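Chain residues, written in single-letter form:
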Amino acid sequence: MSDTARIAMVDELGKIGNASSLHGSGRRARKVVEEAREAIARAIDATPGEIVLTGSGTEANNLAIKGLYWKRVQEDPANNRIISSSIEHHAVMDPIQWLVDHEGARVTWVSVNDRAQLNVDELVDEIERDPKVALVTVMFANNEVGTLQPITRIIEVAHKYGIPVHTDAVQAFGKVPLSFENLDIDALTISGHKIGGPLGIGALIVKKDLKLTPVLHGGGQERDIRSGTLDTPAIRALGVAAQEAHDHLSDRAVRMSALRADLTARVLAEVPDSRSNGDTDTLPGIAHFTFAGAEGDALLLLLDAQGIESSTGSACSAGVPRPSHVLVAMGMSEPEARASLRFSLGFNSTSADIDALVSVIGGVVERARRAGQVSKR
Ligand code: PLP
């Protein structure tokens, strides 16, 4: 967490008050929540009334997808198709799959090109073929390779047919310019821990007139869209982090892009037969490589032992490592996908961090490749 967000959260943890209570402590907590809501709204260029606070980005995605699906199907049972992309985070893919398995939804996963960018022509064909669609949900930027999606075009196409659009902007918020108002999108997800705020707090930004069926029922908080006592300390800290991310958006982006360019050039020099994936139209803080012949999980553990934490994007199913669905959707073979690794930079990353990675990456890749050859014998 950023220092200011952490200090605000710790201060708030020492105070009492439920923001829904009418007594003095409750009114004080309510003021804190509403000030944070205003800061979040300013950071994303929305109105405070459009911010629905949730317990995570995952929860906000579930609320958008299930809430919109149920509402649209209630309006017209034929509107039971969801269109999404083949590179979504599991926090989008899995609620959609749940609706398919349990609620009679149909789904179309639109393909992406070799840079993980959605094929808009395919989206247009899919909508024209059958415009009875509950919602279109496509992420703003991918979490593994960082690619920004053609979201303006996606919104334009879907709105032409009156279809609401949601975007998972968890990776993009605070990293690239983002205006809820100018996008004219229906719902957008953000999460605290990607911007120097706390874990376990997120928000769904929802257009004022958009009808959503709630997922959580209870005390009727958050305009009756998301019940549950508000987490005032986390909300206050999210407000601080959002304000900071907004105020420093361009200097952080310039710094992170420069660090990433340095990281990429030096890793490619250290391991000349490696490949960098997705360098254009991308988030400033994500670098992604394929080290052919090395197993990603081996690379991850060898780097971890050197104090460098990275991610493969692979999932483990029944004890068997499976390659990332994002990389497979980009057209990578399974061995290529399994030889890939993501490094992500944050607002507080330094050039010393890059030096540390560069000093060990050559040896680590060599060891992982040797280990792979031994295990094949
Ligand atoms: N969506 C994307 C693109 C993410 O990268 C993540 C988290 O990594 C999430 C959703 C989930 O957000 P949360 O961890 O707040 O549930």
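Residues numbered from 1 in each chain as written. Predicted model: local features only at pLDDT ≥ 70, side-chain atom pairs only at ≥ 80, totals over all residues. Heavy atoms only, no water.

**Quick look at the sheet that holds strand S6 (residues 187-191)**
If you trace the seven strands from one edge of the open sheet to the other, you get S1-S7-S6-S5-S4-S2-S3, paired in mixed fashion. Strands at the two margins of the open sheet, each flanked by one partner only, are strand S1 (51-54) and strand S3 (106-110). Across the sheet, the mean angle separating the axes of adjacent strands is 20° when strand polarity is ignored. Of the strand pairs in this sheet, strand S2 (residues 81-85) and strand S4 (residues 133-137) are connected by four bridges, and their pairing is parallel. In the strand pairing of S4, Ser84 is matched with Thr137. Packing against the sheet, helix H5 (residues 120-129) makes contact with S2, S3 and S4, and its axis sits at approximately 175° to S2. (Pairing = 2+ DSSP bridges. Helix = DSSP H or I, 4+ residues; strand = E, 2+ residues; numbered from the N terminus. Axes fitted to C-alpha atoms, helices over the stretch in contact; angles between N-to-C directions. Contact = heavy atoms within 4.5 Å.)

**Observations regarding the packing of aromatic side chains**
Following the criterion strictly, the structure yields two aromatic pairs and no others. With 5.8 Å between their ring centres and 25° between their planes, Phe289 and Phe291 make a pair best called stacked. The rings of Phe289, Phe291 and Phe343 are connected pair by pair, giving a single aromatic cluster. Lying over the aromatic face of Trp98, Lys66 brings its terminal NZ or CZ to 4.8 Å of the ring centre. (Phe/Tyr/Trp six-rings, centres within 6.5 Å; stacked < 30°, edge-to-face > 60°. Lys NZ or Arg CZ within 6 Å of the ring centre and 35° of its normal.)

**Points about the packing of helix H3 (residues 57-75) against helix H4 (residues 90-103)**
Where H3 meets H4, the axes come as close as 9 Å, and the angle between the chain directions of the two elements is 35°. As H3 runs across H4, the sense of the crossing is right-handed. Across the interface between the two elements, Thr58, Asn61, Asn62, Ile65, Lys66, Tyr69 and Trp70 of H3 pack against Ala91, Val92, Pro95, Ile96, Trp98, Leu99 and Glu103 of H4. Here the contact of H3 with H4 is built from residues that sort into nine nonpolar, three polar and two charged. (Left-handed = near helix turned anticlockwise from the far one by under 90°. Nonpolar A, V, L, I, M, F, W, Y, C, P; charged D, E, K, R; others polar.)

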